[in-house]
Amino acid sequence: MTLALVLAAALAVACVVAVALPFIREPEPESDALDDLDDAERHRLALLEERDRALAALKELEFEHRTGTVSDEDYRAQLGPLRRDVASALQALGRESGEVRPADERN
Amino acid sequence: MARKASPARLVIALSVAAVLAVFLLYTSIAGGGNPSLAPSELAGRTGDVQLAGLVVGPVRGDAHDGGLRFRLKDISGNSKKSVTILYSGSVPDLFKVGRHIVVDGELRKGTFVADPGSMITKCPSKYAPKQSGDSD
Amino acid sequence: MPELGRAALLVTLGLSVYALVAGAMAAHLGRRRLARSAQNALVASFATTAVAAAVLLAALLRNDFSFTYVARTTSEALPTAYTISAFWGGQEGSLLLWLLVLTGFGAAAVSLNRGWARDLIVWVVPVLAAVSTFFAFLVVAVASPFATQTAPADGAGMTPSLQNPYMLAHPPLLYFGYVGLTVPFAFAIGALLSGKLDERWLIATRRWTLFAWAALGIGQLLGSHWAYVEVGWGGYYAWDPVENAALMPWLAATAFLHSVMIQEKRGMLRVWNVLLVILAFSLSLFGTFLTRSGVVNSIHSFTQSSIGPWFLAFIALVVAVSLGLLFWRLPQLRSPTKLESPISREAAFLYNNLLLLALCLAILWGVVYPLLSEALRGEAIVLGRSYYDFFLRAFGLPLLLLMGIGPLIAWRRASFRSLATTFRWPTGVALVTGVVLLALGAGSSIPGLVAYTFSAFVITTIVMEFARGTRARKALGAASWPTAFGSLISRNRRRYGGYVVHAAIVMFAIGVAGSSAFDSVADAKLARGDSMRIGDYTLTYSSLDERASANATEIRATLDVRRGDRDLGTLQAGKNAYTIEEQVSNEVGIRSDKLTGEDLFVIAEQINPDGSIQFRVFVKPLVNLIWLAGLVFLVGSLVTLWPDRREQRRLVARASEAGIPATS
């Protein structure tokens, strides 16, 4: 019975320590602000997702053409619009950051 | 890309309408289900119903030869009334006096004649504190 | 030791409340150390719950009957494996298991995603903590596993029908499934709370959803197999409310898994995805409410207990808050991309979702209808098997067909020409199959025939995809055909893993169609030496034996089986009479034909004093495909779940490009 209480007390103490740890480790931090995305960064992330989505769609079209799911005719028809999507996504990113940074999409 | 309005709303609306039509079709063909009653509520009811209750002995007869006869009373233990059941067909293993069962059928001349094979017994549980009428 | 268990759970509750409050404050005010502290609390709550679980497990293994729970669910004679399974065999223990899995998954979810989704995690922590708080509260205040009593000489023991290996696997798998759905829900709500409505919540939770969905699927299949071989009424699914309780969230999760792909590729259906994940999580809570509260007449019902109202209140709270948050963020969720054509891959996925949801809601209606009609008309009206079968066919058959159409149809807009080219072969094979089967007599069940025909369509598309993909890889320079095949799958895990899962579903559909639409049944009372015929089988009842086992008397009838003039050996069917529990169990005899997957299923319904036996015999064609489908499903799920390092690198790279700090 007492063993149970001792163990319970030890458990409780350990948990309190775990919870207080960040404050114990850094009693006077330089900044306590949560690393967060500001609006500009959030916008950039959305553009990056748009770019990756366009690139993925292009890759998928290539794949499906190679396996024969998409016919030559349909491939030619869809290639243009998808390439335009990628271009505009990259352009939007370029405007955002002032320089164009191509993604590492080599496979 | 296409500049005309997206057909999405129309597509979804039509699909939902189709699904609802399927529902309506079913209910108009098959109607609703059967009422689920306790034995004390059975008196005077006609038509197919489902009866849920506690098995009361003695259990007589042969389910595969002439029919099994036993009585069924309310699970809640509020009523002392019980109904005579005549059952034929498969009898689940868990069937015994004191078990909760569910059976479909109709009341005919004072005896509840069960649809063959319609008996279901409840798995006895270890989750419940003892209730009135519980035997295990 | 029960005090240690109780104390540990109390600490869990405290940690959960802290993680909820501190986590919410930290996210709202933007305090880094407080956020970290809340996260630590969440992880610590797993440790404390584990301690409580260890206490209960130890009590079970020592047969410590001073624990009320142990006395109620086990006995001295109970084999160790089943003593362990008693952990989740009762109300309190199963709630503790739920809490253990929940805190474990919560700790893992926040720790594993630290690298690239930290700003999102700060909001996920309070949501996970809120759910933990509820379950911790239940085990502390409402249904504690650590109630004590003066120890009786022996425990009440476990129902014989639960003493089998299924009890070891079926409930834990289902719990991994139910609880696993909490993680995508928490991330979705976290995304709504924070306003960070980018794709990261989807990507972070994709594997969790897959894992939960796979566990739920396999758990259900195990339950069906249990019903088939152990309960032995001749079927594997009874549309019982508790069975449906697991099926509904599984269907919603299936819809979610598919619509997530549309959001990833086209940016569409964002609001829909959030709704689906809320639905899936709410259904999993509702499912466990149904199972525990005894509110619906069910063969499984655990009890009329006081726990019901708590669950209902929590579900209502979850739904209200989630929908409120969704409504609040609606403007930001609207996506610019629109559906272009009703004949496209996006549309096919949309139809898939609508059908899955329609089936899910039809089942929900069937489950809830008795409760509603009782509340409104004073009389509970139950909907029977025919209701569920109708909707399974009405919505399930089109879904089956869509599995073959969706993966191949063009994105955005499919022209009729492309449709004709793509689906030429599958349609041809399907039509030929249909005609051949019709000639062979499959017209006796139209839904069965349709199921087979659609299955042929889907199988053709899957084979075509694998064949063409392998050929394309070989053309790209793979060393050999097997290498081409292997690299095809490893580089396109989601697509081809998905195809394997689809193949499993098709096998499942064929098995279900065969065993339910084309089965046969015969009843006969046989004296020793008599024979009966069913299909082209002849069974002769040759002898009746009785033997004693550790805790039961086993009575077995031996039947000689012949097909035509071939001797197929013997089958045994009978009953076990358990002495202590005073219960009789059915022990069915099953002969599975290895070649055709057909089962000869014998039930010795009634053993008469004169030695004659009332037999019920089924012939179930193709039923073993159902169980085989489970294995294929497992393989497919593993392929899709397998970690993809390339994808992970890409995600981290993108996060750092956006400026999300990666360090802790």
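Quick look at the structure, then. (Residues numbered from 1 in each chain as written. Chains lettered and ligands numbered in written order. Predicted model: local features only at pLDDT ≥ 70, side-chain atom pairs only at ≥ 80, totals over all residues. Heavy atoms only, no water.)

## A few points about the overall build of chain C
Inference 1: Helix and strand content of chain C: 21 helices and ten strands.
Inference 2: Relative to its length of 664 residues, chain C is compact, with a C-alpha radius of gyration of 27 Å against a globular reference of 26 Å.
Inference 3: Dimensions of chain C, computed from the C-alpha atoms along their principal axes, are close to 85 × 80 × 60 Å.
Inference 4: Counting across all 664 residues of chain C, residues that qualify as buried make up 61%.
Inference 5: Summed over all atoms, the accessible surface of chain C reaches about 25100 Å², with 66% contributed by carbon and sulfur.
Inference 6: When the 54 basic and 39 acidic side-chain charges of chain C are each reduced to a single mean position, those positions are 18 Å apart. (Helix = DSSP H or I, 4+ residues; strand = E, 2+ residues; numbered from the N terminus. Rg over C-alpha atoms; globule rule 2.2 N^0.38 Å. Buried < 20%, exposed > 50% of the residue type's maximum accessible area, 1.4 Å probe, protein only. Areas by Shrake-Rupley, 256 points an atom, 1.4 Å probe, with all protein chains shown as cover. Lys, Arg positive; Asp, Glu negative; His and termini not counted. Charge placed at Lys NZ, Arg CZ, Asp CG, Glu CD.)

## With respect to helix α2 (residues 39-67) of chain A
Inference 1: Taking 1.5 Å per residue, 29 residues should reach 42 Å; α2 of chain A reaches 42 Å between its end C-alpha atoms and fits that length.
Inference 2: The first or second residue beyond α2 of chain A is Gly68 of chain A, which carries a positive phi of 95 degrees. (Expected span 1.5 Å × (residues − 1).)

## Observations concerning a positive patch on the surface
Inference 1: Residues Lys59 of chain A together with Arg491, Arg645, Arg646, Arg649 and Arg650 of chain C make up a contiguous surface patch of positive charge.
Inference 2: Looking at which element gives the most residues to the positive patch, the answer is helix α21 (residues 645-658) of chain C, with four residues.
Inference 3: Within the element layout of this structure, Arg645 of chain C appears in helix α21. (Patch = residues over 30% accessible without salt bridge, like charges linked within 9 Å, V, L, I, M, F, W, Y side chains within 5 Å. Salt bridge = Lys/Arg side-chain N within 4 Å of Asp/Glu carboxyl O.)

## Here's the deal with the sheet that holds strand β7 (residues 583-587) of chain C
Strands belonging to one sheet form pairs held by backbone hydrogen bonds; the direction of such a pair is parallel or antiparallel.
Residues and elements named next belong to chain C.
Inference 1: The five strands lie next to each other as β3-β4-β5-β6-β7, forming an open sheet whose pairing is antiparallel. On the outer flanks of this sheet lie β3 (531-534) and β7, each paired with one strand and no other. Strand-to-strand twist in this sheet, taken as the mean axis angle between neighbours without regard to direction, amounts to 25 degrees.
Inference 2: Taken together, the eleven bridges between strand β4 (residues 537-548) and strand β5 (residues 552-563) define a ladder with antiparallel strand orientation. The residue of β5 that forms the bridge with Tyr537 is Arg563. (Pairing = 2+ DSSP bridges. Axes fitted to C-alpha atoms, helices over the stretch in contact; angles between N-to-C directions.)

## Describing the interface of chain A and chain C
Inference 1: At the junction of the two partners, chain A supplies 48 residues and chain C supplies 65 residues.
Inference 2: Roughly 4700 Å² of surface becomes buried between chain A and chain C when both sides are summed, with 54% attributable to carbon and sulfur atoms.
Inference 3: It is Asp32, Leu34 and Arg53 of chain A that lose the most area in chain A upon contact with chain C, and together they represent 14% of the buried surface on that side.
Inference 4: In this structure, the connection of chain A to chain C is made through 18 residue pairs in polar contact (both at pLDDT 80 or more).
Inference 5: For the side of chain A that touches chain C, the secondary-structure elements that each account for two or more residues are α1 (2-25), α2 and α3 (72-97) of chain A.
Inference 6: The dominant element in the side of chain A that touches chain C, judged by the number of residues it contributes, is α2 of chain A, at 15 residues.
Inference 7: Of the residues in the side of chain A that touches chain C, the class split is 22 nonpolar, six polar and 20 charged. (Contact = heavy atoms within 4.5 Å. Buried area = accessible area lost by both parts, 1.4 Å probe. Polar contact = N/O pair within 3.5 Å; in protein donor to acceptor, adjacent residues only side chain to side chain. Nonpolar A, V, L, I, M, F, W, Y, C, P; charged D, E, K, R; others polar.)

## So, a nonpolar patch on the surface
Inference 1: Side chains of Val17, Val21, Met25 and Leu29 of chain C sit close together on the surface and give an oily, nonpolar patch of about 330 Å² of accessible area.
Inference 2: Relative to the assigned elements, Met25 of chain C resides in helix α1 (residues 2-29).

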